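This is what each chain is made of:
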Amino acid sequence: MKNKESEIAEYYFKPPSLWESIPKHIYEEFKAHSTTTKLKRNEIIYSEGTYPKGLYILTKGCAKLYTVNNVGREQIIYFMKKNEMFGYRAIACNNNSVIFISAIEDCEIELIDRDVFLSYLFKSMELNKLFMNYLGDEFRILYHKISVYALKPVSERVALTLLVLDQKFNTEEGKDSIDLFMRRDIANYAGITIETLSRQLKVLTDGKVIKTKGKKITITNFDALYIRANI
């Protein structure tokens, strides 16, 4: 089971808090130039084509990172939770954002001023190393999402998606179900329609691999789900 969990971990990131990972003088400077914003569920944090105002840190809630195609359909690339950061890639590369980020539930975001972040990014080796690791993890996640999901049939993609969401969001909180996510978001992450997702969930429910109640999905047979995900 441990090896299987390690393989699932290739699809997500659970970073430590930035505030616990940086030198004290940078901590004090960042805190002096940061603001906290509260966002409601479904509120967009920033959009494709905009330039991030600074380094964003998700301090409460969860959010989704996604693109929108020419007919308006979302493709969710990644789900974020507490302690995860975003905006740094566009700032470091001096590019506008190529993605959307919006709140899945009520969130709190801490925003560190762009100029202050850039100033210390260029002169602090410790901070530079930290964000190089972030970029590496970002690449790892995107590589696995694109390369593996593209080759998996629908049944395997759905099973893998449920395992990823469970392992990332339930382990630390002690929950036993996937209940944060709308069916639409799960389908958009797996790259399928809601109707296809519903059929796959029914197959899993009939096989006693999961239980569903409303939007709550509880995994009842992990071994069977790992087999179905072809892990």
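Position labels on residues start from 1 in each chain and follow its written sequence. Totals for whole chains, interfaces and linings use every residue, but because this is a predicted model, local features are given only for residues with pLDDT of at least 70 and side-chain atom pairs only at 80 or more, for both listing and counting. Hydrogens and water are ignored here; the side-chain numbers use all heavy atoms of the structure.

## Some remarks on the sheet that holds strand 5 (residues 74-80)
The rule for pairing is simple: two strands pair if DSSP sees at least two bridges between them. Here a helix means four or more residues in a row that DSSP labels H or I, a strand means two or more in a row labelled E, and each is numbered from the N terminus. Judged by pairing direction, the sheet is antiparallel, and its four strands sit side by side in the order 2-7-4-5 without closing on themselves. Two strands lie at the open edges of the sheet, namely strand 2 (44-46) and strand 5, each paired on one side alone. Across this sheet, the average inter-strand angle for adjacent strands is 35 degrees, counted without regard to direction. Here strand 4 (residues 63-68) pairs with strand 7 (residues 100-103) via four bridges, running antiparallel. Across the sheet, residue Ala63 finds its bridge partner in strand 7, namely Ala103. Interaxial angles span 0 to 180 degrees and are taken between N-to-C directions of axes, which are lines fitted to C-alpha atoms, for helices over the stretch in contact.

## What about the sheet that holds strand 1 (residues 34-39)?
In sheet architecture, strand pairing relies on hydrogen bonds along the backbone and comes in two forms, parallel and antiparallel. Strands sit in the order 1-8-3-6 across an open sheet of four strands; the sheet is antiparallel. What marks the edges here is a single partner per strand, and that holds for strand 1 and strand 6 (85-86). The pairing of strand 1 with strand 8 (residues 107-113) spans six bridges and is classified as antiparallel. Bridge pairing in strand 8 links Ser34 to Ile112. The contact criterion used is simple: two residues touch if any of their non-hydrogen atoms lie within 4.5 Å. Contacting strand 3 (54-60) and strand 8, helix 4 (residues 114-123) crosses the sheet at an angle of about 60 degrees to strand 8.

## Side note on helix 7 (residues 183-190)
Accessible area is worked out with a 1.4 Å probe on protein chains only. A residue is then buried under 20% of its type maximum, exposed over 50%, and partly exposed in between. The buried fraction of helix 7 is high, at seven of eight residues. Taken together, the buried positions of helix 7 are occupied by Arg183, Asp185, Ile186, Ala187, Asn188, Tyr189 and Ala190. Just past helix 7, the residue Gly191 takes up positive phi, approximately 75 degrees.

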